[in-house]
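Report on the structure
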2 protein chains.
Amino acid sequence: MTMSHATDTARAGRPRSARAHEAILDAILELIAEGMSVDALSIEAVAARAGVGKATIYRRWPNKQAMLSEAVQELKGPAPHPVGTGVRERLISLVSKIAAGDERAARIFPCMLPEMLRSQAAYELWQEIIEPRREMMREVLRQGIADGEVRAEIDIEAVCAVLTGPVLVSRVMRWNPRLDDAALPGQVVDVVLSGIAAPA
Amino acid sequence: MTMSHATDTARAGRPRSARAHEAILDAILELIAEGMSVDALSIEAVAARAGVGKATIYRRWPNKQAMLSEAVQELKGPAPHPVGTGVRERLISLVSKIAAGDERAARIFPCMLPEMLRSQAAYELWQEIIEPRREMMREVLRQGIADGEVRAEIDIEAVCAVLTGPVLVSRVMRWNPRLDDAALPGQVVDVVLSGIAAPA
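Thresholds applied
- Residues numbered from 1 in each chain as written.
- Chains lettered and ligands numbered in written order.
- Predicted model: local features only at pLDDT ≥ 70, side-chain atom pairs only at ≥ 80, totals over all residues.
- Heavy atoms only, no water.
- Helix = DSSP H or I, 4+ residues; strand = E, 2+ residues; numbered from the N terminus.
- Buried < 20%, exposed > 50% of the residue type's maximum accessible area, 1.4 Å probe, protein only.
- Salt bridge = Lys/Arg side-chain N within 4 Å of Asp/Glu carboxyl O.
- UniProt positions renumbered as here; feature names shortened; annotations may be inferred.
- Least-squares fit on C-alpha atoms with pLDDT ≥ 70 in both.
- Contact = heavy atoms within 4.5 Å.
- Axes fitted to C-alpha atoms, helices over the stretch in contact; angles between N-to-C directions.
- Parallel < 35°, antiparallel > 145°, perpendicular 65-115°, else oblique.
- Nonpolar A, V, L, I, M, F, W, Y, C, P; charged D, E, K, R; others polar.
- Buried area = accessible area lost by both parts, 1.4 Å probe.
- Domains from an automatic or database assignment.
- Polar contact = N/O pair within 3.5 Å; in protein donor to acceptor, adjacent residues only side chain to side chain.
- Core = buried A, V, L, I, M, F, W, Y, C linked by side-chain atoms within 4.5 Å.

Labelled according to an unreviewed UniProt entry, chain A appears under the name TetR family transcriptional regulator, originating from Rhizocola hellebori.

See the structure below:
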């Protein structure tokens, strides 16, 4: 934050407080991307990186968890809404967006994985991101049942896992180098809808 | 390694060289479980932890990668063979074993995840473990096709991902706390075999 106030305003075109807010969120994501753990991430470290005083942070968020939550929510954006008509098209639109964030998200997520399993705070942060995404998928399946496209007796939680898991392990873990990540969402949805069993 | 030779032999009941071999493999797994990266793991560190000389290691493995590979293979054991008759039972037996290693494996795997994405050596190590497991699953699917239980036109790689991904994200990442990990393998296989679409 060494720019003069005039230059700064000209570049950003918005009030200083909005810029500070963004600088703080960016600082959090940068620190995590560099390998700092959620537990180790302190208000002091964030303030120093963002070039703001600690009071500026305390004025905006009641605690570290709320601040982190907003940073990670901003990184991932809102849960995508399904696009298209019919359960197949709508599921493909959701499955295609799994782990398809920007490059920064792709870099940050694996860094947080081991910690998500050690730290309840980090795990809850992650669940805050994915629960609205699961809910979109459940809603498409419920609508599919209502429209008579999907059998009513399915276990919706298990089906969401079957729809999500393959793309998640492929894109996040590179589970199998032979998979075609662009084709995978359609392949997964078709397997889930039609099954692979030969007709009796 | 402070035990006397007599006590040591009585406890282990096998030659000193076999015990050294195991101590080295254990040392590697302990160091990784404690957070040491595969790239940082040195022959020196392993020798010190195992209480052996570096020459003892150099006599056994041509390089670090070979030594690590054996340690991780030992941790995971050989790829499990399918059990049961018919494609459903055999797939459930394989899917049930995904990420169902001992507690040490469950602790070590997430520690290695971020590194697997940064380091080609760590990624190859991981692929050495899972490729034989994928091959078992492909073989069950091929047999299912030969037996007329599975449709011949399926994409076997994609179907393996659909079978594996849900259990992997659930057990390794705790993706959804609502899932029942014991029931999940059967649920996944039934979705994959029968699909969820309502009869036309």
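Now that the structure has been shown, the text picks up again.
**Digging into unusual backbone geometry**
Phi angles above zero are rare outside glycine, and A99 of chain A is one such case at about 55 degrees. Positionally, A99 of chain A belongs in the loop between α6 (86-96) and α7 (103-118). By relative accessible area, A99 of chain A is classed as partly exposed at 30%. Even without being a glycine, R174 of chain B presents a positive backbone phi close to 45 degrees. Within the secondary structure, R174 of chain B sits in the loop between α9 (156-173) and α10 (184-194). Note on R174 of chain B: relative accessible area 37%, which makes it partly exposed.

**Looking at the pattern of salt bridges**
Scanning the entire structure with this criterion turns up 26 salt bridges over all chains. For the salt bridge of R49 of chain B with E30 of chain B, the shortest nitrogen-to-oxygen distance reads 3.0 Å. Here R49 of chain B is found in helix α3 (residues 43-50), whereas its partner E30 of chain B is found in helix α2 (residues 16-33), with 19 residues between them in sequence. The class for R49 of chain B is partly exposed, based on a relative accessible area of 35%. Within this structure, E131, R134, E135, R138, E139, R142 and E157 of chain A together with R178 of chain B form a network of salt bridges that share partners.

**Focus: the UniProt feature "DNA-binding region" (unreviewed entry) in chain A**
Residues given the UniProt feature "DNA-binding region" (unreviewed entry) here are residues 42-61 of chain A. Secondary structure within residues 42-61 of chain A divides into 75% helix and 0% strand; the distance between the first and last C-alpha atoms comes to 13 Å.

**Quick look at the relation of the copies chain A and chain B**
With an RMSD of 0.1 Å, chain A superimposes on chain B once it is rotated by 180 degrees and translated 0.0 Å along the axis. The relationship between the two copies is best expressed as a two-fold rotation axis. Both copies share a contact surface, since 100% of the interface residues of chain A are interface residues in chain B too.

**Some details on the packing of helix α2 (residues 16-33) of chain A against helix α5 (residues 64-76) of chain A**
Residues and elements named next belong to chain A. Their axes nearest at 9 Å, the elements α2 and α5 cross at an angle of 85 degrees. One element, α2, and the other, α5, form an angle in the roughly perpendicular class. Residues H21, E22, I24, L25, D26, I28, L29 and I32 of α2 form the contact with α5, whose own contacting residues are M67, L68, E70, A71, V72, E74 and L75. Tallied by class, residues from the contact of α2 with α5 come to ten nonpolar, one polar and four charged.

**A few points about the interface of chain A and chain B**
Taken together, the contact between chain A and chain B spans 51 residues of the former and 51 residues of the latter. Around 4700 Å² of area is buried between chain A and chain B when both sides are counted, 67% of it from carbon and sulfur atoms. Of all residues in chain A, M173, W175 and I196 of chain A bury the most surface against chain B, accounting for 19% of the area lost on that side. Here chain A and chain B share four salt bridges between them. Its salt-bridge partner being R178 of chain A, residue E157 of chain B comes within 3.4 Å of it at the nearest N-O pair.

**Overview of the domain arrangement of chain A**
Residues and elements named next belong to chain A. Each assigned domain of chain A is listed with its residue range as follows: domain 1 (5-74) and domain 2 (77-194). Between domain 1 and domain 2, roughly 1300 Å² of surface is buried when both sides are summed, and carbon and sulfur atoms account for 56% of that area. The interface formed by domain 1 and domain 2 includes three residue pairs in polar contact (both at pLDDT 80 or more). For the side of domain 1 that touches domain 2, the elements supplying multiple residues, two or more each, are α2 and α5. The greatest single-element share of the side of domain 1 that touches domain 2, amounting to six residues, is contributed by α5. Looking at the side of domain 1 that touches domain 2, its residues break down into six nonpolar, four polar and three charged.

**Here we look at the nonpolar core**
Core analysis: the largest hydrophobic core is formed by 140 residues, its most contacted members being I28 and L163 of chain A together with I28 and L163 of chain B. Residues contacting L163 of chain B, with those up to four places away along its chain left out, are L91, V95, I98, M137, L141, V188, V189 and V192 of chain B.

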